[in-house]
Amino acid sequence: MTRWDETFDVIVVGAGFAGLTAAIEARNAGARVVVLEKMKAPGGNSIISDGGVAAAGTPLQKQHGIEDSPELFYNDMLQAGLGLNHPGLLRVLTQNAAEAFRWSEEYLGVEYMDRVDRFGGHSVNRCYAAAGITGATIIRAMLKKIKELGIPLRKSTCLEKIIFDGERVTGLSVREGYNYKDPEAGTIKNLQADSGVIVTTGGFGADVAFRAVQDPRLTGKIDTTNKIFATGEALVEAMRLGAAPVQLSHIQLGAWTSPDEKGFGSGPLFADYIGFLYGIIVHPDTGKRFVNEQADRKVLGDAILSVGRPSVCISDHGAVEHSGWDISRALKKKVVKTFETVEGLAGHYGLPADALSQTITEFNRAVASGVDVEYGRPILHDSMPIKRPPFYAMRLWPKVHYTMGGLQINEEARVIDLDHRPIPGLYAAGEVTGGVHGACRLGSCAITDCLVFGRIAGKNAAG
Ligand SMILES: Cc1cc2nc3c(=O)[nH]c(=O)nc-3n(C[C@H](O)[C@H](O)[C@H](O)COP(=O)(O)OP(=O)(O)OC[C@H]3O[C@@H](n4cnc5c(N)ncnc54)[C@H](O)[C@@H]3O)c2cc1C
C-alpha cells in the first residue's frame, strides 16, 4: 500500500502550454488540481517559443479575406506528415483549432497581432502571432488564470515514478526540491490523484542520448533550439508502465537557424518570416538554389543538412521593408548581414559571384512569370524580385527543434498501452505525445496541439 503525503483529484506534470491549459480546464470542470514543474520557473519551451498559433476558419482570416477550412488544414498537415499522422488525432486538432484559438483570446485574454501569416507547407495564411512574437505572452495569460482559479503550482518538483495499483494510475512519486545539477537532491513525496494524472512534460529535443538512439544523425554536434530541460525521463517512465511510444525517430530540424549563434536565437525571424517567403536559399559551393524555400521543415531541414555545411539565405531591402518585421536584433548580433552589392555578398560568403547573379536573375524571372519551374515553389501574390539594396544574408544550419513522436494517446487524450487499451487514470497532451504531426510538424501547429489536447485532457481527467 502506498502511503500518500497529499491527495488531489488531478495532478498535471509540466507547466508549459499543454500543462497550464489542462490544469485550467480540469479546475473549471470542478477538480482539485495541482501543477508540478521540475524547474525553478514555469513556462517550459513554450515561454521561449514565437507564440505562433495555427487555426482554420477564424474571424481574423475573414477580416483579411482569407478562405480556409478545417478540411484544407487537415490535408496540409497530412501532406507534410507524409500521411503518417494518426487521422483521428489530426481530425480533432484541425476541427477544434479555431475554437481553441478563440478560447485563448477571449477566455485567457491573449493578445494577438493583427496579421495572418503563412509558413512552409500551409497552403493559405492561417498563422497568428501572439503580441511581441513570443510564447511568453500566452504563458503570462495562462499563469494569471491559474492564479485567479487558485491552482497551486509547485516548482522544483520532478516526476520520478508513476504509481499504478494494478488497475489504474493512482498517483506519483515526486522529488521536491529538485535541482537538475544534483538530481539526488530534495525529498521524495507520494501524491495521490483520485481522478487522473496528466503528463505534459514536453519533448526530448535536448536529450542527446535519447534522441541520438532514435535518429543517429542527431548527436551532440547538432545544436538544439530547446531549453536544457527538454529531456525524456517522464516519457520513459510512462513507457515503463506500458504506454505505447509512437514515431520517436521523427525529430524535426529547424531549417531557419544559424550556426553563428546558440539555440533558437535571432536569425529565424529573418529566415522563416522573410527569407523563405520572399528570398532564396543558395548552395555554398554553386551559388544556386537547390530547394523550394517554402517546402515544409522536413524537406528543407534534410536538404540543408545534406549539403554538409551552411547554406546562405538571401533577400533584399524591399522584402524586409514589406514584411514589417523588426530584425534589428539579428543585425546587431551580425547573424544577418547587409551588403550594398550582390558581388560583395558573394565575396563575403565565398559564393561564385557570377553564378549568384545568374541565380537571382532566374528567380526574378520566376517571380515575374508567377511560376517557379525549377523547384515548384508557390509564387505568393505579394512576391517581389530581389533587386533593392541593401541585400540581406544569413547562414543556415539546422538545429533539433521538435520531437513529433511520443506517447500514444487517443482522441480523449488518454494514454494508450501496448495492447491498444487506454491506461486508466493516465492522460497526456502537448509535445510529449506523438502521432498527430506524423513525419513533420507544420509551423504554428505545436501550440494549437497543446491548446486543443490540453483542454481535452483537463476536462476528461477531471472525470
Ligand atoms: C524556440 C522555439 C520556438 C518555437 N516556436 C513555436 C511557435 O511559434 N509555434 C508553435 O506552434 N510551436 C513553436 N515551438 C514548439 C512549441 O513551443 C512546443 O512544442 C510547445 O511549447 C511544447 O509545449 P508543452 O507544454 O508540450 O511542453 P513545454 O512547454 O516544454 O513544457 C514542459 C514542461 O514540463 C517540465 N518537465 C519535464 N519533465 C518533467 C518532470 N519529469 N517532472 C516535472 N516537470 C517536468 C519541463 O521543465 C517544462 O517546463 C517552438 C519551440 C521552440 C523551442
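Residues numbered from 1 in each chain as written. Predicted model: local features only at pLDDT ≥ 70, side-chain atom pairs only at ≥ 80, totals over all residues.

Please explain the overall build of the protein as it appears in this structure.
Across its full length, the protein carries 14 helices and 19 strands. Taken over the C-alpha trace, the protein has a radius of gyration of 23 Å; the compact-globule value for 463 residues is 23 Å, and the two agree within 12%. When the backbone C-alpha atoms are referred to their principal axes, the protein occupies close to 75 × 45 × 40 Å. When burial is assessed residue by residue, the protein has 53% of its 463 residues classed as buried. At a minimum sequence separation of 6, the contacts of the protein that also span at least 24 residues come to 75%. (Helix = DSSP H or I, 4+ residues; strand = E, 2+ residues; numbered from the N terminus. Rg over C-alpha atoms; globule rule 2.2 N^0.38 Å. Buried ≥ 20, exposed ≤ 12 C-beta atoms within 10 Å, placed from the backbone. Contact = placed C-beta atoms within 7 Å.)

How should the domain arrangement of the protein be read in this particular structure?
Interfaces are often described in size by the accessible area the parts lose on coming together. Structurally, the protein comprises domain 1 (6–204 + 400–461) and domain 2 (256–397). Computed over C-alpha atoms only, the centres of domain 1 and domain 2 are separated by 33 Å. (Domains from an automatic or database assignment.)

Explain the site of the ligand here, please?
For the ligand, the set of nearby residues contains 41 residues, the closest of which are Gly-14, Gly-16, Gly-44, Gly-202 and Gly-430. Mapped by element, the contributors of at least two residues to the shell around the ligand are helix 1 (17–28), strand 6 (157–164), helix 7 (233–240) and helix 14 (445–461). Considering each element in turn, the shell around the ligand owes the most residues, four residues, to helix 14. When grouped by side-chain class, the residues that make up the shell around the ligand number 19 nonpolar, 17 polar and five charged. (Near = placed C-beta within 6 Å. Nonpolar A, V, L, I, M, F, W, Y, C, P; charged D, E, K, R; others polar.)

Which parts of the structure should I look at to understand the sheet that holds strand 14 (residues 391–396)?
Strand-to-strand pairing in sheets goes through backbone hydrogen bonds, with the strands running parallel or antiparallel. Pairing is antiparallel across the open sheet formed by four strands, whose spatial order is 11-12-14-13. Lying at the two open borders of the sheet, with one neighbouring strand each, are strand 11 (280–282) and strand 13 (336–339). Recorded for the sheet is a direction-independent mean angle of 30 degrees between the axes of neighbouring strands. Here strand 12 (residues 311–316) runs beside strand 14; their pairing, made up of six bridges, is antiparallel. Paired with Ile-314 across the strands is Ala-393, a residue of strand 14. (Pairing = 2+ DSSP bridges. Axes fitted to C-alpha atoms, helices over the stretch in contact; angles between N-to-C directions.)

Would you take a moment to explain the environment of Leu-277 for this structure?
Summarising the element assignment, Leu-277 is placed in helix 8 (residues 267–278). The exposure class of Leu-277 is buried, given the 21 C-beta atoms found within 10 Å. Along the chain, Leu-277 and Pro-390 lie 113 residues apart, while their C-alpha atoms are 18 Å from each other.

Would you mind going over the environment of Phe-339 with me for this structure?
Counting through the fold element by element, Phe-339 comes out in strand 13. Separated by 52 residues in the primary sequence, Phe-339 and Phe-391 place their C-alpha atoms 5.1 Å from one another.

I keep staring at the sheet that holds strand 16 (residues 406–408) and nothing clicks. Help me out?
Taken in spatial order, the three strands of this open sheet run 9-16-19, and their pairing is mixed. Here the strands that pair on one side only, and so sit at the sheet edges, are strand 9 (245–246) and strand 19 (433–434). As paired elements, strand 9 and strand 16 share two bridges and run antiparallel to each other. Counted as the bridge partner of Val-246 is Gly-406 from strand 16.

Help me understand the nonpolar core, please; the structure alone is not making it clear to me.
Nonpolar side chains in soluble globular proteins tend to be buried together. Ranked by internal contacts, the top residues of the largest apolar core, which has 138 residues, are Val-10, Ile-11, Val-197, Ile-198 and Ala-428. When residues in this core are grouped by element, the largest group, ten residues, is from helix 14. When residues of this core are sorted by domain, at least three fall in each of domain 1 (6–204 + 400–461) and domain 2 (256–397). Apart from residues lying up to four places away in sequence, Ile-198 is in contact with Val-10, Val-12, Val-13, Ala-22, Tyr-427, Ala-428, Ala-429, Ala-457, Gly-458 and Ala-461. (Core = buried A, V, L, I, M, F, W, Y, C linked by C-beta atoms within 7 Å.)

Would you mind showing me how to read unusual backbone geometry here?
As a rule of thumb, non-glycine residues mostly have phi less than zero, and peptide bonds are mostly trans rather than cis. Note the cis peptide between Pro-389 and Pro-390, where omega equals 0 degrees. Mapping Pro-390 onto the fold places it in the loop between helix 13 (353–369) and strand 14. Its identity as a non-glycine residue notwithstanding, Lys-334 has a phi of 60 degrees, on the positive side. Tracing the backbone through its elements, the reader meets Lys-334 in the loop between helix 11 (328–332) and strand 13. Lys-334 sits in the exposed class, given 10 other C-beta atoms within 10 Å. Its identity is not glycine, yet Ala-413 carries a phi of approximately 65 degrees, on the positive side. Tracing the chain through its elements places Ala-413 in the loop between strand 16 and strand 17 (414–416). A count of 30 C-beta atoms within 10 Å places Ala-413 in the buried class.

What should I look at first to understand helix 14 in this one?
Each α-helix turn comprises 3.6 residues. Residues three or four places apart therefore point the same way. Under the 1.5 Å per step criterion, the end-to-end length of helix 14 is 23 Å for 17 residues, consistent within 8% with the ideal 24 Å. The element helix 14 is largely enclosed, with a buried count of 16 among its 17 residues. Following helix 14 by one or two positions, Gly-463 has its phi on the positive side, about 85 degrees. (Expected span 1.5 Å × (residues − 1).)

Would you take a moment to explain the pairing of strand 14 for this structure?
Consecutive side chains along a regular strand alternate between the two faces of the sheet. In terms of burial, strand 14 is largely enclosed, as six of its six residues are buried. Residues Phe-391, Ala-393 and Arg-395 line one face of strand 14 and the alternating positions Tyr-392, Met-394 and Leu-396 line the opposite face, and both faces are buried. Examined bridge by bridge, strand 13 and strand 14 share four bridges and lie antiparallel to one another. Looking at the pairing, Val-336 lines up with Met-394 of strand 14.

Explain the packing of helix 3 (residues 70–80) against helix 4 (residues 87–106) to me, please; I cannot follow it from the model alone.
Describing two packed helices takes the angle between their axes plus the distance from one axis to the other. The N-to-C vectors of helix 3 and helix 4 enclose an angle of 135 degrees; their axes lie 9 Å apart at closest approach. By the angle between their directions, the pair helix 3 and helix 4 is classed as oblique. In the packing of helix 3 onto helix 4, the handedness of the crossing is right-handed. On helix 4, the residues that touch Pro-70, Phe-73, Tyr-74, Met-77 and Leu-78 of helix 3 are Leu-90, Arg-91, Thr-94, Gln-95 and Ala-97. When the residues that make up the contact of helix 3 with helix 4 are grouped by side-chain class, the tally is seven nonpolar, two polar and one charged. (Parallel < 35°, antiparallel > 145°, perpendicular 65-115°, else oblique. Left-handed = near helix turned anticlockwise from the far one by under 90°.)

When you look at helix 5 (residues 135–148) in this model, what are you seeing that I'm missing?
Compared with the 20 Å implied by 1.5 Å per residue over 14 residues, the 20 Å span of helix 5 between its first and last C-alpha is a close match. Turning to helix 5, its buried residues number three or more, namely Gly-135, Ile-138, Ile-139, Met-142 and Ile-146. The arc enclosing the buried residues of helix 5, seen along the axis, measures out at 95 degrees, which places them on a common side. Summarising the geometry of helix 5, the exposed residues directed more than 90 degrees from the buried face are Lys-144, Lys-147 and Glu-148. Those residues of helix 5 that are buried are in contact with helix 1, helix 4 and strand 5 (153–154). Directly after helix 5, the chain includes Gly-150, whose backbone phi takes a positive value near 70 degrees. (Arc of directions from axis to C-beta.)

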